[in-house]
Amino acid sequence: MQHSENKHLDWHETDWQRLWRAGASVPPALLLAGPAGIGKHAFAQASAARLLCESPTAKGACGACPSCHWLAGNNHPDFRYLRPESEVEAEGEASVGEKKKASRQIRIEQIRELEDFVFVGSHRGGARVIVIEPAEAMNAAAQNALLKILEEPSVSVYFILVTSRINSLLPTILSRCRLMKLPKPGLAEASDWLSQTKDKAALELLALMGGAPLRALAESQSGRAAAFGAVVAALAEPGEDPLSLAARWERQLQLKDDAGLSMESLIDIVQKWVLELVQRKLAGRGRYFTDRSRVVEQLAGRATAVGLIRCYNDLVKMRALASHPLNPKLYLEELAERYLHAIAGGKAVRG
Ligand SMILES: [Zn+2]
């Protein structure tokens, strides 16, 4: 992630003040929840820095003490950052297209290794902080192991869990944490923030990414903006043959390095597009693809509301299989068929 300066984002200022106001007690386990790509990571890092800092101010960590320097240098002895091994690896060496075998989960062993850290004592005599991100990457066994640690609170040990899928956490974990739901910024604020990065492609992706600016930036910096654009272009001018439409999408999955889309990202766009058609049909306006409102209007005009809604419901079901479709090619062909069927107003096309 880009935010090494340990500062929360401007649109989280109210939440920051609420957590760190003078005299407020800091929870031993904090759960930061909210959509992906809105700055939860920055908030967690800033909070960790604030807890570890030797002379914090109302704004946060001082940035100048030994503790702040260690944290900036990624070698603070009283800080642990738990994440899936696959992410550590992805950051380490630029992968040359080879499949990563590292776990996408936070494993139970990683949680167990915390026990020494938590129960042995601090190096500096101050706080110890553990950030777990994304918390939903812990499976049930790992969460239960964490629960055991949380049930025996230690003085000056602080857990910060970060999640964009709160429903994947065990109720027992939730009950041990203070929940803080971080909001996403307004569209204008998100656009302003992205404008400052001078990344035009990211700005164009903002609406498509549900208004989450850091997600738009990450997708753009990974080189995926073009692939997103191609998927949308295929939706706007799909032709009539499901096989060739599916083939156009398939190419966007196969791009080299990080430029290719995941199946989840692809179906996510198709879902948003169909939702846009539904909203255009029923409410006369859209929200994600305002720069393509003409073609959205045309396609929505040909389709029936019932057909579009049925298609959307089918996509929701298909979305559940997107992370491991049995046969990706067939999956895309089915997707293409359902979409073409819906925009043909229920006529033609088999399915
Ligand atoms: Zn400091």
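Rules of the game
Residues numbered from 1 in each chain as written. Predicted model: local features only at pLDDT ≥ 70, side-chain atom pairs only at ≥ 80, totals over all residues. Heavy atoms only, no water. Core = buried A, V, L, I, M, F, W, Y, C linked by side-chain atoms within 4.5 Å. Buried < 20%, exposed > 50% of the residue type's maximum accessible area, 1.4 Å probe, protein only. Helix = DSSP H or I, 4+ residues; strand = E, 2+ residues; numbered from the N terminus. Contact = heavy atoms within 4.5 Å. Donors = N, O, S within 2.8 Å, 3.2 Å for Na, K, Ca; no water. Tetrahedral: all angles 85-135°; square planar, octahedral: opposite > 155°, others 65-115°. Arc of directions from axis to C-beta.

J.: Which residues make up the nonpolar core, and what values go with them?
T.: Formed by 54 residues in total, the largest nonpolar core has its most connected members in W249, I269, W273, L277, L335 and Y339. Looking at this core element by element, the count peaks at 9 residues for helix α14 (residues 263–283). Excluding residues within four positions of it along the chain, L335 makes contact with W249, L266, I267, V270, L315 and M318.

J.: Outline the coordination of the zinc ion, supporting the account with residue identities and numerical values.
T.: All of the protein donors around the zinc ion are C53 (SG), C62 (SG), C65 (SG) and C68 (SG); their distances to the metal are 2.3 Å. Taken together, the 4 donor atoms coordinating the zinc ion span angles of 102 to 118 degrees at the metal, a pattern that classifies the geometry as tetrahedral. Mapped onto the sequence, the donors of the zinc ion take the spacing C-x8-C-x2-C-x2-C.

J.: Outline helix α9 (residues 187–197), listing residues and values.
T.: The set of residues buried in α9 consists of A190, W193 and L194. Within α9, the buried residues cover an arc of 95 degrees as seen down the axis, which keeps them to one side. Among the exposed residues of α9, those pointing more than 90 degrees away from its buried face are A188 and Q196. Looking at the packing, one finds that the buried side of α9 touches α10 (200–205) and α11 (213–221). Downstream of α9 by one or two residues, K198 has phi in the positive range, about 60 degrees.

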